[in-house]
Amino acid sequence: MNSAALLVRYLAISLRGQLQYRASFLMAALGNLLNCVIELAGIWVLFDRFGNLSGWSFAEVAFFCGTVNATYAIGELLATGFDQFGTLYVKTGDFDRLLLRPRSTVLQLAGHELSLRRLGRLLPGLVIVIAAWAALDLPLQADRVGLLAFAMAGGVAFFFALMVLQATMCFWTTESLELMNILTYGGVETASYPLPIYHRLFRRFFTFVVPLACIGYFPIVAVLGVDDPLGTSRLFQVTAPLAGFAFLGVAIGVWQLGVRRYTSTGS
Amino acid sequence: MSDAIRPFLAVVSARYRTLLQYRAAAFAGFATQLFWGAIRLMILAAFFAAATEPQPMNLTEVVAYVWLGQALLGMLPWNVDADFREQVRDGTVAYDLLRPLDLYSYWFGRTLAFRVAAPTLRGVPMVLFSMVLLPIVGLGDWALTPPASAFALAGFVASLVVAAMLATAVTLLAHISLLWTISGIGMDRILTVLVTVFSGLIVPLPLFPDWLQPFLNWQPFRGLADVPYRIYSGNIPAAEIGGELLFVLVWTIALVLLGRLILLRGVRRMVVQGG
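Computed from a predicted structure; not experimentally measured. (Residues numbered from 1 in each chain as written. Chains lettered and ligands numbered in written order. Predicted model: local features only at pLDDT ≥ 70, side-chain atom pairs only at ≥ 80, totals over all residues.)

All right, on to the interface of chain A and chain B then. At the junction of the two partners, chain A supplies 28 residues and chain B supplies 25 residues. When residues of the side of chain A that touches chain B are traced back to their parent elements, those giving at least two are α2 (22-50) and α10 (185-191) of chain A. No other element matches the twelve residues that α2 of chain A contributes to the side of chain A that touches chain B. Grouping the constituent residues of the side of chain A that touches chain B by class yields 14 nonpolar, ten polar and four charged. (Contact = placed C-beta atoms within 7 Å. Helix = DSSP H or I, 4+ residues; strand = E, 2+ residues; numbered from the N terminus. Nonpolar A, V, L, I, M, F, W, Y, C, P; charged D, E, K, R; others polar.)

See below:
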(Lines give C-alpha, C1' and ligand atoms only; values in the text may rest on other atoms or scores of the structure.)
Protein backbone atom coordinates (compact mmCIF):
# COMPACT_ATOMS: atom_id res chain seq x y z
CA MET A 1 0.00 0.00 0.00
CA ASN A 2 1.46 3.39 -0.88
CA SER A 3 1.81 6.21 1.64
CA ALA A 4 -1.13 8.28 0.45
CA ALA A 5 -3.53 5.34 0.54
CA LEU A 6 -2.26 4.42 4.01
CA LEU A 7 -2.80 7.96 5.26
CA VAL A 8 -6.35 7.98 3.89
CA ARG A 9 -7.07 4.69 5.60
CA TYR A 10 -5.67 5.97 8.93
CA LEU A 11 -7.84 9.06 8.71
CA ALA A 12 -10.96 7.13 7.72
CA ILE A 13 -10.58 4.98 10.83
CA SER A 14 -10.18 8.09 12.96
CA LEU A 15 -13.33 9.62 11.48
CA ARG A 16 -15.40 6.53 12.17
CA GLY A 17 -14.13 6.54 15.74
CA GLN A 18 -15.09 10.14 16.36
CA LEU A 19 -18.57 9.74 14.93
CA GLN A 20 -19.25 7.29 17.75
CA TYR A 21 -19.16 10.23 20.17
CA ARG A 22 -21.38 12.71 18.36
CA ALA A 23 -22.40 14.83 21.34
CA SER A 24 -18.86 15.38 22.54
CA PHE A 25 -17.69 16.24 19.02
CA LEU A 26 -20.54 18.71 18.50
CA MET A 27 -19.88 20.40 21.84
CA ALA A 28 -16.17 20.84 21.14
CA ALA A 29 -16.86 22.08 17.61
CA LEU A 30 -19.36 24.58 18.96
CA GLY A 31 -16.74 25.84 21.42
CA ASN A 32 -14.24 26.37 18.60
CA LEU A 33 -16.90 28.16 16.57
CA LEU A 34 -17.71 30.48 19.47
CA ASN A 35 -14.03 31.38 19.90
CA CYS A 36 -13.80 32.34 16.26
CA VAL A 37 -17.00 34.40 16.41
CA ILE A 38 -15.78 36.20 19.53
CA GLU A 39 -12.49 37.06 17.92
CA LEU A 40 -14.35 38.69 15.04
CA ALA A 41 -16.76 40.41 17.44
CA GLY A 42 -13.77 41.85 19.31
CA ILE A 43 -12.45 43.32 16.07
CA TRP A 44 -15.91 44.70 15.24
CA VAL A 45 -16.20 46.39 18.66
CA LEU A 46 -12.92 48.21 18.09
CA PHE A 47 -13.93 49.29 14.60
CA ASP A 48 -17.30 50.46 15.91
CA ARG A 49 -15.48 52.61 18.46
CA PHE A 50 -12.57 53.91 16.37
CA GLY A 51 -13.82 53.82 12.76
CA ASN A 52 -10.64 52.56 11.10
CA LEU A 53 -7.28 50.98 11.84
CA SER A 54 -4.53 53.12 10.24
CA GLY A 55 -6.44 53.13 6.96
CA TRP A 56 -7.60 49.49 6.99
CA SER A 57 -11.34 48.82 6.93
CA PHE A 58 -13.26 46.27 9.01
CA ALA A 59 -13.87 44.08 5.94
CA GLU A 60 -10.14 43.99 5.16
CA VAL A 61 -9.18 43.04 8.72
CA ALA A 62 -11.99 40.45 8.74
CA PHE A 63 -10.43 39.02 5.57
CA PHE A 64 -7.08 38.61 7.40
CA CYS A 65 -8.84 37.13 10.41
CA GLY A 66 -10.95 34.64 8.44
CA THR A 67 -8.06 33.45 6.29
CA VAL A 68 -5.68 32.77 9.15
CA ASN A 69 -8.37 31.00 11.17
CA ALA A 70 -9.33 28.73 8.27
CA THR A 71 -5.66 28.05 7.50
CA TYR A 72 -4.78 27.26 11.07
CA ALA A 73 -7.81 24.99 11.40
CA ILE A 74 -6.68 22.87 8.45
CA GLY A 75 -3.12 22.70 9.77
CA GLU A 76 -4.35 21.66 13.19
CA LEU A 77 -6.77 19.17 11.65
CA LEU A 78 -3.89 17.37 9.96
CA ALA A 79 -1.36 17.65 12.78
CA THR A 80 -3.34 16.48 15.81
CA GLY A 81 -0.93 13.59 16.30
CA PHE A 82 1.94 16.04 16.68
CA ASP A 83 -0.09 18.36 18.85
CA GLN A 84 -0.67 15.63 21.44
CA PHE A 85 2.63 13.90 20.87
CA GLY A 86 4.18 14.51 24.32
CA THR A 87 1.26 13.21 26.33
CA LEU A 88 0.26 10.35 24.04
CA TYR A 89 3.58 9.02 22.77
CA VAL A 90 6.65 10.25 24.68
CA LYS A 91 5.43 10.17 28.26
CA THR A 92 3.94 6.70 27.78
CA GLY A 93 6.81 5.35 25.70
CA ASP A 94 4.35 4.43 22.94
CA PHE A 95 6.57 6.11 20.37
CA ASP A 96 8.58 2.84 20.37
CA ARG A 97 5.74 1.14 18.53
CA LEU A 98 5.71 3.78 15.81
CA LEU A 99 9.46 3.37 15.33
CA LEU A 100 9.08 -0.39 14.85
CA ARG A 101 6.66 -0.02 11.95
CA PRO A 102 8.11 0.10 8.43
CA ARG A 103 6.67 3.54 7.68
CA SER A 104 7.90 7.06 8.41
CA THR A 105 6.99 8.52 11.80
CA VAL A 106 5.73 11.72 10.17
CA LEU A 107 3.21 9.77 8.10
CA GLN A 108 2.00 7.75 11.08
CA LEU A 109 1.57 10.82 13.28
CA ALA A 110 -0.21 12.76 10.54
CA GLY A 111 -2.61 9.83 10.36
CA HIS A 112 -3.08 9.72 14.11
CA GLU A 113 -6.36 11.60 14.06
CA LEU A 114 -8.38 13.81 11.76
CA SER A 115 -9.81 15.89 14.54
CA LEU A 116 -13.30 16.86 13.40
CA ARG A 117 -13.86 19.44 16.09
CA ARG A 118 -11.41 21.69 14.24
CA LEU A 119 -14.21 22.16 11.73
CA GLY A 120 -15.63 24.52 14.33
CA ARG A 121 -12.88 26.96 13.41
CA LEU A 122 -12.58 26.11 9.71
CA LEU A 123 -16.22 26.74 8.77
CA PRO A 124 -16.63 30.20 10.34
CA GLY A 125 -13.18 31.11 9.02
CA LEU A 126 -14.27 30.30 5.46
CA VAL A 127 -17.62 32.07 5.92
CA ILE A 128 -15.81 35.20 7.11
CA VAL A 129 -13.47 35.12 4.10
CA ILE A 130 -16.38 34.76 1.67
CA ALA A 131 -18.42 37.49 3.37
CA ALA A 132 -15.42 39.86 3.45
CA TRP A 133 -14.73 39.07 -0.22
CA ALA A 134 -18.30 40.07 -1.07
CA ALA A 135 -18.26 43.17 1.18
CA LEU A 136 -15.06 44.40 -0.47
CA ASP A 137 -16.54 43.86 -3.96
CA LEU A 138 -13.42 41.98 -5.07
CA PRO A 139 -13.78 40.60 -8.60
CA LEU A 140 -13.90 36.81 -8.66
CA GLN A 141 -10.82 36.24 -10.83
CA ALA A 142 -8.95 32.97 -11.13
CA ASP A 143 -5.60 34.55 -10.24
CA ARG A 144 -6.92 36.06 -7.00
CA VAL A 145 -8.63 32.85 -5.91
CA GLY A 146 -5.58 30.85 -6.96
CA LEU A 147 -3.24 33.10 -4.97
CA LEU A 148 -5.47 32.82 -1.90
CA ALA A 149 -5.48 29.03 -2.22
CA PHE A 150 -1.68 29.06 -2.63
CA ALA A 151 -1.28 31.28 0.46
CA MET A 152 -3.54 29.00 2.45
CA ALA A 153 -1.63 25.91 1.32
CA GLY A 154 1.60 27.59 2.45
CA GLY A 155 -0.13 28.48 5.71
CA VAL A 156 -1.23 24.90 6.31
CA ALA A 157 2.39 23.80 5.78
CA PHE A 158 3.53 26.55 8.16
CA PHE A 159 1.16 25.64 11.00
CA PHE A 160 1.82 21.93 10.43
CA ALA A 161 5.52 22.74 10.81
CA LEU A 162 4.87 24.56 14.11
CA MET A 163 3.11 21.45 15.45
CA VAL A 164 6.03 19.28 14.32
CA LEU A 165 8.46 21.60 16.14
CA GLN A 166 6.28 21.53 19.24
CA ALA A 167 6.32 17.73 19.15
CA THR A 168 10.10 17.72 18.61
CA MET A 169 10.60 19.68 21.81
CA CYS A 170 9.02 16.75 23.67
CA PHE A 171 12.08 14.61 22.95
CA TRP A 172 13.89 16.91 25.37
CA THR A 173 11.14 17.95 27.76
CA THR A 174 8.91 14.81 27.66
CA GLU A 175 5.77 16.89 28.30
CA SER A 176 4.34 19.35 25.76
CA LEU A 177 5.04 22.89 26.91
CA GLU A 178 2.66 25.77 26.62
CA LEU A 179 5.47 27.81 25.04
CA MET A 180 4.58 26.93 21.45
CA ASN A 181 1.12 28.40 21.99
CA ILE A 182 2.82 31.75 21.46
CA LEU A 183 3.37 30.85 17.84
CA THR A 184 0.20 28.85 17.21
CA TYR A 185 -2.64 30.69 18.98
CA GLY A 186 -0.51 33.82 19.19
CA GLY A 187 0.22 33.50 15.48
CA VAL A 188 -3.49 33.35 14.66
CA GLU A 189 -4.10 36.45 16.78
CA THR A 190 -1.15 38.29 15.24
CA ALA A 191 -2.06 37.43 11.66
CA SER A 192 -5.66 38.54 12.21
CA TYR A 193 -4.45 42.14 11.89
CA PRO A 194 -2.37 43.81 9.19
CA LEU A 195 1.40 43.57 9.75
CA PRO A 196 2.26 47.31 9.60
CA ILE A 197 0.53 48.00 12.94
CA TYR A 198 3.19 45.96 14.79
CA HIS A 199 6.56 47.09 16.08
CA ARG A 200 9.51 46.71 13.67
CA LEU A 201 11.07 43.86 15.68
CA PHE A 202 7.80 41.88 15.60
CA ARG A 203 7.49 42.45 11.86
CA ARG A 204 11.01 41.14 11.23
CA PHE A 205 10.53 38.16 13.53
CA PHE A 206 7.31 37.12 11.79
CA THR A 207 8.82 37.58 8.33
CA PHE A 208 12.34 36.18 8.59
CA VAL A 209 12.47 33.89 11.64
CA VAL A 210 8.95 32.48 11.78
CA PRO A 211 7.47 33.29 8.36
CA LEU A 212 3.91 33.92 9.52
CA ALA A 213 3.52 37.12 7.47
CA CYS A 214 4.69 35.29 4.33
CA ILE A 215 1.62 33.04 4.41
CA GLY A 216 -0.74 35.70 5.75
CA TYR A 217 -0.23 39.39 5.35
CA PHE A 218 1.94 39.61 2.17
CA PRO A 219 -0.05 37.35 -0.18
CA ILE A 220 -3.36 38.71 1.15
CA VAL A 221 -2.31 42.25 0.33
CA ALA A 222 -1.95 41.02 -3.26
CA VAL A 223 -5.32 39.24 -3.13
CA LEU A 224 -6.96 42.42 -1.86
CA GLY A 225 -5.18 44.34 -4.60
CA VAL A 226 -4.03 47.14 -2.29
CA ASP A 227 -0.58 48.69 -1.99
CA ASP A 228 1.50 47.45 0.91
CA PRO A 229 2.32 50.38 3.26
CA LEU A 230 5.58 48.53 3.96
CA GLY A 231 6.50 48.93 0.29
CA THR A 232 7.00 45.28 -0.76
CA SER A 233 6.71 44.37 -4.43
CA ARG A 234 3.89 42.29 -5.94
CA LEU A 235 6.41 39.64 -7.00
CA PHE A 236 7.54 39.21 -3.40
CA GLN A 237 3.94 39.12 -2.12
CA VAL A 238 2.94 36.45 -4.65
CA THR A 239 5.93 34.19 -4.01
CA ALA A 240 6.08 34.69 -0.22
CA PRO A 241 3.93 31.61 0.63
CA LEU A 242 6.83 29.41 -0.54
CA ALA A 243 8.43 30.27 2.80
CA GLY A 244 5.71 28.19 4.50
CA PHE A 245 6.81 25.09 2.60
CA ALA A 246 10.49 25.81 3.30
CA PHE A 247 9.65 26.17 6.98
CA LEU A 248 8.00 22.75 6.91
CA GLY A 249 11.13 21.29 5.33
CA VAL A 250 13.29 22.71 8.14
CA ALA A 251 10.85 21.47 10.79
CA ILE A 252 10.94 17.91 9.43
CA GLY A 253 14.74 18.05 9.42
CA VAL A 254 14.76 19.09 13.08
CA TRP A 255 12.20 16.38 13.83
CA GLN A 256 14.51 13.72 12.38
CA LEU A 257 17.36 14.99 14.59
CA GLY A 258 15.02 14.70 17.57
CA VAL A 259 13.95 11.16 16.66
CA ARG A 260 17.60 10.10 16.62
CA ARG A 261 17.96 11.45 20.13
CA TYR A 262 14.84 9.73 21.44
CA THR A 263 15.20 7.40 24.41
CA SER A 264 12.14 5.51 25.53
CA THR A 265 10.50 6.13 28.89
CA GLY A 266 8.67 2.80 28.70
CA SER A 267 9.34 -0.02 31.10
CA MET B 1 -14.30 30.43 65.49
CA SER B 2 -10.67 29.52 64.91
CA ASP B 3 -11.53 25.82 65.17
CA ALA B 4 -14.04 26.21 62.38
CA ILE B 5 -11.64 28.03 60.07
CA ARG B 6 -8.52 25.92 60.59
CA PRO B 7 -9.49 23.03 58.27
CA PHE B 8 -10.16 25.45 55.43
CA LEU B 9 -6.84 27.19 55.93
CA ALA B 10 -5.11 23.81 55.84
CA VAL B 11 -6.87 22.92 52.58
CA VAL B 12 -5.98 26.26 51.05
CA SER B 13 -2.31 26.06 51.93
CA ALA B 14 -1.97 22.40 50.81
CA ARG B 15 -3.47 23.14 47.38
CA TYR B 16 -1.33 26.21 47.08
CA ARG B 17 1.89 24.27 47.71
CA THR B 18 0.91 21.62 45.16
CA LEU B 19 0.30 24.17 42.43
CA LEU B 20 3.54 26.01 43.14
CA GLN B 21 5.50 22.89 42.16
CA TYR B 22 5.00 23.45 38.42
CA ARG B 23 7.59 26.15 37.81
CA ALA B 24 8.50 25.28 34.20
CA ALA B 25 4.86 25.47 33.24
CA ALA B 26 4.65 28.80 35.03
CA PHE B 27 7.59 30.14 33.05
CA ALA B 28 6.04 29.01 29.76
CA GLY B 29 2.80 30.65 30.80
CA PHE B 30 4.60 33.85 31.67
CA ALA B 31 6.27 34.06 28.27
CA THR B 32 2.96 33.35 26.53
CA GLN B 33 1.15 36.08 28.39
CA LEU B 34 3.96 38.54 27.83
CA PHE B 35 3.69 37.99 24.10
CA TRP B 36 -0.09 38.15 24.25
CA GLY B 37 0.00 41.42 26.15
CA ALA B 38 2.42 42.95 23.67
CA ILE B 39 0.24 42.00 20.69
CA ARG B 40 -2.93 43.32 22.35
CA LEU B 41 -1.18 46.59 23.18
CA MET B 42 0.08 47.15 19.65
CA ILE B 43 -3.39 46.47 18.23
CA LEU B 44 -5.13 48.83 20.67
CA ALA B 45 -2.47 51.51 20.26
CA ALA B 46 -2.90 51.37 16.47
CA PHE B 47 -6.63 51.94 16.91
CA PHE B 48 -6.01 54.79 19.33
CA ALA B 49 -3.57 56.42 16.90
CA ALA B 50 -6.45 56.92 14.45
CA ALA B 51 -8.91 58.21 17.05
CA THR B 52 -10.01 61.77 16.42
CA GLU B 53 -12.45 62.27 19.29
CA PRO B 54 -11.91 61.71 23.04
CA GLN B 55 -12.53 58.09 24.13
CA PRO B 56 -13.99 56.76 27.40
CA MET B 57 -10.47 55.59 28.29
CA ASN B 58 -7.09 57.03 27.35
CA LEU B 59 -4.18 54.93 26.11
CA THR B 60 -2.33 54.96 29.45
CA GLU B 61 -5.40 53.51 31.15
CA VAL B 62 -5.73 50.90 28.40
CA VAL B 63 -2.06 49.92 28.81
CA ALA B 64 -2.58 49.38 32.55
CA TYR B 65 -5.77 47.42 31.77
CA VAL B 66 -3.95 45.08 29.38
CA TRP B 67 -0.93 44.39 31.63
CA LEU B 68 -3.04 43.83 34.75
CA GLY B 69 -5.24 41.53 32.68
CA GLN B 70 -2.21 39.46 31.67
CA ALA B 71 -0.79 39.44 35.22
CA LEU B 72 -4.05 38.28 36.78
CA LEU B 73 -5.33 36.06 33.96
CA GLY B 74 -5.20 32.90 36.09
CA MET B 75 -7.62 34.43 38.56
CA LEU B 76 -10.41 34.65 36.00
CA PRO B 77 -12.86 31.74 36.36
CA TRP B 78 -12.43 30.54 32.77
CA ASN B 79 -11.91 26.83 33.49
CA VAL B 80 -12.68 24.10 36.00
CA ASP B 81 -10.10 22.41 38.20
CA ALA B 82 -9.00 19.23 36.36
CA ASP B 83 -8.47 17.42 39.69
CA PHE B 84 -12.01 18.15 40.67
CA ARG B 85 -13.35 16.94 37.33
CA GLU B 86 -11.42 13.70 37.79
CA GLN B 87 -12.90 13.29 41.29
CA VAL B 88 -16.42 13.55 39.95
CA ARG B 89 -15.66 11.18 37.11
CA ASP B 90 -14.17 8.40 39.22
CA GLY B 91 -16.55 8.81 42.14
CA THR B 92 -14.02 9.79 44.82
CA VAL B 93 -16.05 12.97 45.23
CA ALA B 94 -18.15 10.85 47.60
CA TYR B 95 -15.34 11.02 50.18
CA ASP B 96 -15.87 14.77 50.38
CA LEU B 97 -19.43 14.14 51.50
CA LEU B 98 -18.12 12.13 54.45
CA ARG B 99 -15.88 14.87 55.78
CA PRO B 100 -17.15 16.59 58.93
CA LEU B 101 -17.13 19.95 57.17
CA ASP B 102 -19.66 22.13 55.44
CA LEU B 103 -19.32 20.91 51.86
CA TYR B 104 -19.76 24.27 50.16
CA SER B 105 -17.21 26.01 52.41
CA TYR B 106 -14.72 23.18 51.96
CA TRP B 107 -15.01 23.36 48.19
CA PHE B 108 -14.89 27.13 48.33
CA GLY B 109 -11.52 26.98 50.12
CA ARG B 110 -10.14 24.47 47.64
CA THR B 111 -11.36 26.46 44.66
CA LEU B 112 -10.06 29.72 46.09
CA ALA B 113 -6.59 28.20 46.33
CA PHE B 114 -6.88 26.92 42.76
CA ARG B 115 -7.81 30.41 41.54
CA VAL B 116 -5.23 32.36 43.54
CA ALA B 117 -2.04 30.26 43.20
CA ALA B 118 -1.55 30.79 39.46
CA PRO B 119 -1.75 34.60 39.47
CA THR B 120 0.78 34.84 42.30
CA LEU B 121 3.27 32.81 40.30
CA ARG B 122 2.69 34.69 37.08
CA GLY B 123 1.46 38.02 38.31
CA VAL B 124 4.46 39.23 40.28
CA PRO B 125 7.02 38.78 37.46
CA MET B 126 4.52 40.29 35.01
CA VAL B 127 4.08 43.41 37.12
CA LEU B 128 7.84 43.72 37.67
CA PHE B 129 8.46 43.33 33.96
CA SER B 130 5.81 45.75 32.78
CA MET B 131 6.37 48.36 35.48
CA VAL B 132 10.14 48.29 36.04
CA LEU B 133 11.89 46.66 33.10
CA LEU B 134 9.97 48.28 30.21
CA PRO B 135 10.91 51.90 31.18
CA ILE B 136 14.54 50.80 31.64
CA VAL B 137 14.80 49.45 28.08
CA GLY B 138 13.24 52.66 26.76
CA LEU B 139 9.69 51.42 26.21
CA GLY B 140 8.21 53.70 28.86
CA ASP B 141 5.14 54.42 26.71
CA TRP B 142 4.16 50.75 26.97
CA ALA B 143 4.86 50.42 30.69
CA LEU B 144 2.38 49.75 33.46
CA THR B 145 2.05 53.07 35.28
CA PRO B 146 1.84 53.13 39.10
CA PRO B 147 -1.70 53.34 40.55
CA ALA B 148 -3.45 56.69 40.10
CA SER B 149 -3.24 57.51 43.85
CA ALA B 150 -2.68 55.85 47.21
CA PHE B 151 -6.44 55.69 47.55
CA ALA B 152 -6.74 54.03 44.13
CA LEU B 153 -4.14 51.46 45.23
CA ALA B 154 -6.10 50.66 48.38
CA GLY B 155 -9.30 50.40 46.34
CA PHE B 156 -7.52 48.16 43.83
CA VAL B 157 -6.32 45.77 46.54
CA ALA B 158 -9.78 45.65 48.10
CA SER B 159 -11.40 45.07 44.70
CA LEU B 160 -8.94 42.23 44.00
CA VAL B 161 -9.94 40.48 47.21
CA VAL B 162 -13.61 40.72 46.24
CA ALA B 163 -12.75 39.69 42.67
CA ALA B 164 -11.02 36.55 43.98
CA MET B 165 -14.19 35.68 45.94
CA LEU B 166 -16.37 36.33 42.91
CA ALA B 167 -14.08 34.25 40.68
CA THR B 168 -14.26 31.42 43.21
CA ALA B 169 -18.06 31.60 43.41
CA VAL B 170 -18.32 31.42 39.60
CA THR B 171 -15.82 28.56 39.32
CA LEU B 172 -17.68 26.72 42.05
CA LEU B 173 -20.94 27.01 40.11
CA ALA B 174 -19.15 25.28 37.24
CA HIS B 175 -17.74 22.65 39.62
CA ILE B 176 -21.18 21.94 41.03
CA SER B 177 -22.62 21.65 37.54
CA LEU B 178 -20.16 18.77 37.01
CA LEU B 179 -22.35 16.70 39.32
CA TRP B 180 -24.88 16.71 36.48
CA THR B 181 -22.78 16.82 33.34
CA ILE B 182 -19.77 14.71 34.53
CA SER B 183 -17.46 15.57 31.61
CA GLY B 184 -17.81 19.33 31.89
CA ILE B 185 -16.23 19.98 28.48
CA GLY B 186 -19.19 22.03 27.30
CA MET B 187 -19.28 23.95 30.59
CA ASP B 188 -15.63 24.89 30.22
CA ARG B 189 -16.20 26.33 26.76
CA ILE B 190 -19.24 28.37 27.76
CA LEU B 191 -17.45 29.71 30.84
CA THR B 192 -14.43 30.77 28.82
CA VAL B 193 -16.59 32.71 26.39
CA LEU B 194 -18.74 34.39 29.04
CA VAL B 195 -15.86 35.31 31.29
CA THR B 196 -13.35 36.54 28.73
CA VAL B 197 -15.86 38.71 26.89
CA PHE B 198 -17.82 40.17 29.82
CA SER B 199 -14.92 40.69 32.22
CA GLY B 200 -13.27 42.98 29.66
CA LEU B 201 -10.37 40.69 28.84
CA ILE B 202 -10.91 40.65 25.06
CA VAL B 203 -11.72 44.34 24.70
CA PRO B 204 -11.87 46.74 27.70
CA LEU B 205 -15.57 47.15 28.53
CA PRO B 206 -15.68 50.98 28.22
CA LEU B 207 -14.67 50.63 24.54
CA PHE B 208 -17.79 48.58 23.72
CA PRO B 209 -20.56 50.50 21.89
CA ASP B 210 -22.41 53.01 24.06
CA TRP B 211 -25.78 51.28 23.59
CA LEU B 212 -24.33 48.14 25.24
CA GLN B 213 -23.00 49.98 28.31
CA PRO B 214 -26.18 49.79 30.46
CA PHE B 215 -26.13 46.01 30.13
CA LEU B 216 -22.37 45.70 30.64
CA ASN B 217 -22.52 47.83 33.79
CA TRP B 218 -24.95 45.51 35.53
CA GLN B 219 -23.54 42.08 34.77
CA PRO B 220 -21.39 40.35 37.42
CA PHE B 221 -18.35 39.46 35.31
CA ARG B 222 -17.05 43.02 35.18
CA GLY B 223 -16.19 42.66 38.87
CA LEU B 224 -13.51 40.13 37.86
CA ALA B 225 -11.33 42.45 35.80
CA ASP B 226 -12.92 45.66 34.55
CA VAL B 227 -13.65 47.12 38.01
CA PRO B 228 -10.26 46.42 39.65
CA TYR B 229 -8.22 47.51 36.61
CA ARG B 230 -10.12 50.77 36.18
CA ILE B 231 -9.88 51.56 39.89
CA TYR B 232 -6.11 51.04 39.58
CA SER B 233 -5.69 53.44 36.66
CA GLY B 234 -8.08 56.04 38.07
CA ASN B 235 -10.58 55.58 35.21
CA ILE B 236 -13.09 54.91 37.98
CA PRO B 237 -12.76 58.07 40.14
CA ALA B 238 -12.03 57.75 43.85
CA ALA B 239 -15.56 58.84 44.82
CA GLU B 240 -17.12 55.88 42.96
CA ILE B 241 -14.83 53.16 44.35
CA GLY B 242 -17.01 52.36 47.36
CA GLY B 243 -20.15 51.92 45.27
CA GLU B 244 -18.35 49.66 42.78
CA LEU B 245 -16.97 47.46 45.56
CA LEU B 246 -20.44 47.12 47.02
CA PHE B 247 -21.81 46.20 43.58
CA VAL B 248 -19.29 43.37 43.18
CA LEU B 249 -19.82 42.20 46.75
CA VAL B 250 -23.58 41.92 46.27
CA TRP B 251 -23.13 39.85 43.11
CA THR B 252 -20.62 37.63 44.95
CA ILE B 253 -23.05 36.97 47.78
CA ALA B 254 -25.85 36.28 45.31
CA LEU B 255 -23.73 33.74 43.41
CA VAL B 256 -22.59 32.06 46.64
CA LEU B 257 -26.21 31.65 47.73
CA LEU B 258 -27.13 30.31 44.29
CA GLY B 259 -24.23 27.85 44.49
CA ARG B 260 -25.33 26.62 47.92
CA LEU B 261 -28.89 26.13 46.70
CA ILE B 262 -27.84 24.14 43.63
CA LEU B 263 -25.35 22.08 45.63
CA LEU B 264 -28.10 21.13 48.06
CA ARG B 265 -30.19 19.77 45.18
CA GLY B 266 -27.14 18.19 43.55
CA VAL B 267 -26.15 16.20 46.62
CA ARG B 268 -29.68 14.92 47.08
CA ARG B 269 -29.84 13.37 43.62
CA MET B 270 -26.15 12.57 43.12
CA VAL B 271 -25.23 9.20 41.64
CA VAL B 272 -21.67 8.21 42.55
CA GLN B 273 -19.63 6.84 39.65
CA GLY B 274 -17.53 3.72 39.96
CA GLY B 275 -18.02 0.51 41.90
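Residue and element names in this part refer to chain B. Running from amino to carboxyl end, helix α7 (residues 150-181) crosses helix α11 (residues 238-268) at an angle of 15°, the nearest separation of the two axes being 9 Å. In terms of orientation, α7 lies roughly parallel with respect to α11. Regarding α7 and α11, the two cross each other, and that crossing is left-handed. Of the residues belonging to the contact of α7 with α11, the class tally is 24 nonpolar, five polar and no charged. (Axes fitted to C-alpha atoms, helices over the stretch in contact; angles between N-to-C directions. Parallel < 35°, antiparallel > 145°, perpendicular 65-115°, else oblique. Left-handed = near helix turned anticlockwise from the far one by under 90°.)

Take the packing of helix α3 (residues 58-78) of chain A against helix α9 (residues 142-173) of chain A next. Residues and elements named next belong to chain A. Across the interface, α3 lies against α9 with an axial gap of 8 Å and an inter-helix angle of 50°. What the angle tells us is that α3 and α9 run oblique. Regarding α3 and α9, the two cross each other, and that crossing is right-handed. Judged by residue contacts, T67, A70, T71, Y72, I74, G75, E76 and L78 of α3 engage M152, G155, V156, F159, F160 and M163 from α9.

Moving on to the environment of F30 of chain B. All names here are of chain B. Here F30 lies in helix α2 (residues 23-50). The spacing of F30 and M126 is 96 residues in sequence and 7.2 Å in space, taken between C-alpha atoms. Discounting residues that sit within four places of it in the chain, F30 has contacts with R122, P125 and M126.

Moving on, we come to unusual backbone geometry. Residues and elements named next belong to chain A. Located in the positive-phi region is S54, a residue other than glycine, with phi close to 30°. Within the secondary structure, S54 sits in the loop between α2 and α3. With phi around 60°, D137 is a residue other than glycine that occupies positive phi space. By the secondary structure assignment, D137 is in the loop between α8 (119-135) and α9.

Next up on the list: the nonpolar core. In summary, soluble globular proteins display a tendency toward joint burial of nonpolar side chains. Judged by nonpolar contacts, the single largest core of 151 residues is most densely connected at F160, A161 and V164 of chain A together with L76 and L166 of chain B. No other element matches the 15 residues that α9 of chain A contributes to this core. Excluding anything up to four places from it in sequence, F160 of chain A contacts G75, L78, A79 and L248 of chain A. (Core = buried A, V, L, I, M, F, W, Y, C linked by C-beta atoms within 7 Å. Buried ≥ 20, exposed ≤ 12 C-beta atoms within 10 Å, placed from the backbone.)

Our focus in this paragraph is α11 of chain B. Residue and element names in this part refer to chain B. In this model, α11 (31 residues) spans 46 Å end to end at C-alpha, consistent with the 45 Å of a helix rising 1.5 Å per residue. Among the residues of α11, I241, E244, V248, W251, T252 and G259 are the ones counted as buried. On its buried face, α11 is in contact with α6 (103-136), α7 and α10 (226-233). (Expected span 1.5 Å × (residues − 1).)

Just geometry here; none of it tells us what the structure is for.
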